[in-house]
Structures are given as C-alpha cells and as structure tokens.
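# Structural characterization, general
Here is what each chain is made of, one letter per residue.
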Amino acid sequence: LPASGETFRCGKWIIDLEMTPNELINKCGPPTSHESRTEDVKARNRNNGLLIKTGETTTETWTWDRGSQAAPMVVIIVDGKIKSIERLEK
C-alpha cells in the first residue's frame, strides 16, 4: 500500500512537488520503471447533454527502487507536472 508523502530524499537532494520532471531526473537519475497512459478528457455538450472529447490528459507513474534498505518511491506526473510522491510500504 502506498504511504502518502510530499517529499523524499534522493542522494543529497530533497525531492518535492515543486520540482519539474527534468529536475527530478537530473537529481535522481532515470526511474527504475516508467508507465504512461493517455485518456480522453470529456465534457457535457450544453446543447444536447452528450459527452464530447475536449482534450487529452497523460498520467505517468515513475518508480525508483532504492534497494533493500529503503522503500521504493513512486512519483505521479500528470500533464508534465508532479502531482504526488508516495513511498511504497514493504
């Protein structure tokens, strides 16, 4: 189960929600695993009430396996912005 957190340590750096994904990779290196999915964004048409596609959103899940002494860290990125940082409990 994930444990919610707003920061984690990566070497001498503290990683937080204010960083960009590029800053995260520069400080921590590439994630151990990376998943990405794109979903349609839909809204109701005011004229007929039907759902119409208004855009797309991309959600990425980056995971760093930090070895046997530290819990893996999972960072969720939505449309290029870090939205959450979680520690996976072992």
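These lines cover the structure that appears in this document, whether it is placed above or below. (Residues numbered from 1 in each chain as written. Predicted model: local features only at pLDDT ≥ 70, side-chain atom pairs only at ≥ 80, totals over all residues. Heavy atoms only, no water.)

### Things to note about the overall build of the protein chain
What counts here: The helix and strand labels rest on DSSP assignments: H or I over at least four residues marks a helix, E over at least two residues marks a strand, and numbering proceeds from the N terminus. It is over C-alpha atoms that the radius of gyration is taken, and the globule rule equals 2.2 Å times the number of residues to the power 0.38. Each residue's exposure class comes from its accessible area (1.4 Å probe, protein chains only) as a fraction of the maximum for that residue type: buried when under 20%, exposed when over 50%, partly exposed otherwise. Contacts are assigned to residue pairs that have any heavy atoms within 4.5 Å of one another. In these tables, accessible area is a Shrake-Rupley quantity obtained with a 1.4 Å probe, and a residue counts as shielded only by the protein chains included in the view. Residues scored as charged are limited to Lys and Arg (positive) and Asp and Glu (negative), so that His and the chain ends carry no count. Throughout, a charge is located at the NZ atom of Lys, the CZ atom of Arg, the CG atom of Asp or the CD atom of Glu.
Counting its secondary structure elements, the protein chain contains one helix and seven strands. Reading the helices (α) and strands (β) of the protein chain from amino to carboxyl end gives β-β-β-α-β-β-β-β. The C-alpha atoms of the protein chain give 16 Å as radius of gyration, which overshoots the globular expectation for 90 residues (12 Å, by more than 25%). Its C-alpha atoms give the protein chain principal-axis dimensions of roughly 55 × 25 × 20 Å. Across the 90 residues of the protein chain, 29% fall into the buried class. Considering only residue pairs separated by 6 or more positions, the protein chain has 37% of its internal contacts joining residues 24 or more positions apart. In the form shown here, the protein chain has an accessible surface area of approximately 6,300 Å², with 48% of it arising from carbon and sulfur atoms. Across the protein chain, 13 positive and 13 negative side-chain charges occur, with their mean positions spaced 2 Å apart.

### Focus: helix α1 (residues 21-28)
The periodicity of an α-helix, 3.6 residues per turn, causes residues three or four places apart in sequence to face the same way. Put simply, the rule is: Note: the arc covers the axis-to-C-beta directions of the helix.
Here α1 has its buried residues at Pro21, Leu24 and Cys28. In an axial view of α1, the angular spread of the buried residues amounts to 55°, which keeps them on one side of the axis. Pointing more than 90 degrees away from the buried face of α1 are the exposed residues Asn22 and Asn26. Gly29 occupies a position one or two residues after α1 and carries a positive phi of about 80°.

### Some words on the state of the cysteines
Two cysteines form a disulfide when their sulfur atoms are joined by a covalent bond. Which entries qualify depends on this criterion: Here, a disulfide means two cysteine sulfur atoms that sit within 2.5 Å of each other.
Per the counting criterion, the structure on display carries one disulfide. Between Cys10 and Cys28 runs a disulfide, and the two sulfur atoms are separated by 2.2 Å. One end of the pair, Cys10, is in strand β2 (residues 7-10); the other, Cys28, is in helix α1, with 18 residues separating them in the sequence. The residues Cys10 and Cys28 share a single accessibility class, namely buried.

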